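Take a look at the letters that make up each chain.
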Amino acid sequence: MTPAPPRVFHRICVFCGSAHGNDPIYTAAARALGRELAERGIEIVYGGGRVGLMGELADAALAAGGRVLGVIPQRLRDLEVAHSGLHELFVVDTMHARKAMMAHLSDAFIALPGGFGTLEELFEVVTWCQIGYHQKPVGILDVAGYYAPLLRFLDHAEASGFIRDIYRPILQHADDLEALLAQLAAVALPRFVAPPPPV
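Below you will find a few notes about this structure. What you see is a predicted model; the values in this text were computed from it and never measured. (Residues numbered from 1 in each chain as written. Predicted model: local features only at pLDDT ≥ 70, side-chain atom pairs only at ≥ 80, totals over all residues. Heavy atoms only, no water.)

## Concerning the sheet that holds strand E2 (residues 43–46)
Part 1: Spatially, 7 strands are ordered E4-E3-E2-E1-E5-E6-E7 in an open sheet, and the strand pairing comes out parallel. At either end of the open sheet lies a strand with only one pairing partner, and these are strand E4 (88–92) and strand E7 (171–174). Within this sheet the neighbouring strands show an average axis-to-axis angle of 25°, counted without direction.
Part 2: Sitting on the sheet, helix H4 (residues 95–105) touches strand E1 (11–15), E2, strand E3 (68–73), E4 and strand E5 (108–111), and the angle it makes with E3 is about 160°. (Pairing = 2+ DSSP bridges. Helix = DSSP H or I, 4+ residues; strand = E, 2+ residues; numbered from the N terminus. Axes fitted to C-alpha atoms, helices over the stretch in contact; angles between N-to-C directions. Contact = heavy atoms within 4.5 Å.)

Put into structure tokens, the structure is as follows:
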């Protein structure tokens, strides 16, 4: 069987923290990702904030001539954390609507370091892929080993029978953007298979 040609990405959704974290390497990674995607002509979709890694990502992409789209709930816009310099800022009613629109607008997903919100966004799009709501690749850019403990936990969850081996490839990871983009372009995403009936 002839392998499918590599995917071409026009717009990638980036999940990342609204804080900077306590190591400057996280800020540097967000800036580098924004700049690199812009230089490749890939538009960025993100949560629309001007703070933390979110703001660094957007500012770097814009400075490099990239196109950046934000999606933010009205509640967060009212708290004055929205970025005012984006090409488009979509204001939605809820966090649920935000995630749905970000997913709809994007060809793929990349997670930078972040906290509860980033993890929730990441695992929601992984789950949507698992159950067949989309066929878009998902990846972690593992900056300075930030996600290494999480990746070990996922190994544990798979070994314990809670993540089926056919679905584990949905979540790709690399510590280098070039490698991660190559993985996302080439990964064969599984189709949903109903779990076997109880014995």
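After that view, the rundown keeps rolling.
## Quick notes on the side chain of His 134
Part 1: Checked against the element boundaries, His 134 lands in the loop between helix H5 (116–130) and strand E6 (138–141).
Part 2: Given a relative accessible area of 10%, His 134 falls into the buried group.
Part 3: A polar contact is formed between the side chain of His 134 and the backbone oxygen of Val 125, at a distance of 2.8 Å.
Part 4: A polar atom in the side chain of His 134 sits 3.0 Å from the backbone nitrogen of Lys 136.
Part 5: Beyond its immediate sequence surroundings of up to four residues, His 134 is in contact with Phe 109, Val 125, Trp 128 and Cys 129. (Buried < 20%, exposed > 50% of the residue type's maximum accessible area, 1.4 Å probe, protein only. Polar contact = N/O pair within 3.5 Å; in protein donor to acceptor, adjacent residues only side chain to side chain.)

## Focus: the pattern of salt bridges
Part 1: In this structure the tally under the stated criterion is 10 salt bridges.
Part 2: Between Glu 36 and Arg 40 there is a salt bridge whose closest N-O contact spans 2.8 Å.
Part 3: The class for Glu 36 is partly exposed, based on a relative accessible area of 25%.
Part 4: A salt bridge links Glu 120 to Lys 99; the nearest nitrogen and oxygen atoms lie 2.2 Å apart. Within this pair, whereas Glu 120 is found in helix H5, its partner Lys 99 is found in helix H4, the two being separated by 21 residues in sequence. (Salt bridge = Lys/Arg side-chain N within 4 Å of Asp/Glu carboxyl O.)

## Side note on the environment of Val 81
Part 1: Here Val 81 is to be found in the loop between helix H3 (74–78) and E4.
Part 2: Spatially, the C-alpha atom of Val 81 lies 41 Å from that of Ala 4, the residues being 77 residues apart in sequence.
Part 3: With residues up to four places along the chain from it excluded, the contact list for Val 81 reads Gly 48, Gly 49, Arg 50, Val 51, Ile 72 and Leu 76.

## Describing the state of the cysteines
Part 1: Across all of its chains, the model carries 0 disulfides by this definition.
Part 2: Summary of cysteine pairing: Cys 13 is not part of a disulfide, and the nearest cysteine sulfur, belonging to Cys 16, is at 9.2 Å.
Part 3: We note that Cys 129 lacks a disulfide partner, and the nearest cysteine sulfur, in Cys 13, lies 14 Å from it. (Disulfide = S-S within 2.5 Å.)

## Digging into the packing of aromatic side chains
Part 1: As enumerated under the stated definition, the model contains 3 aromatic pairs in all.
Part 2: With centroids separated by 5.9 Å and ring planes inclined at 10°, the aromatic side chains of Phe 15 and Phe 109 adopt a geometry described as stacked. Taken together, the residues Phe 15 in strand E1 and Phe 109 in strand E5 connect sequence positions 94 residues apart. Across this residue pair, the class does not change: Phe 15 and Phe 109 are buried.
Part 3: Look at Tyr 146 and Tyr 147: their rings are 4.9 Å apart centre to centre, the planes differ by 90°, and that puts the pair in the edge-to-face class.
Part 4: On the accessibility criterion, Tyr 146 (33% relative accessible area) is partly exposed.
Part 5: Take Tyr 147: its relative accessible area is 2%, and that puts it in the buried class.
Part 6: Among the aromatic side chains, those forming a connected cluster through ring pairs are Tyr 26, Tyr 146 and Tyr 147. (Phe/Tyr/Trp six-rings, centres within 6.5 Å; stacked < 30°, edge-to-face > 60°.)

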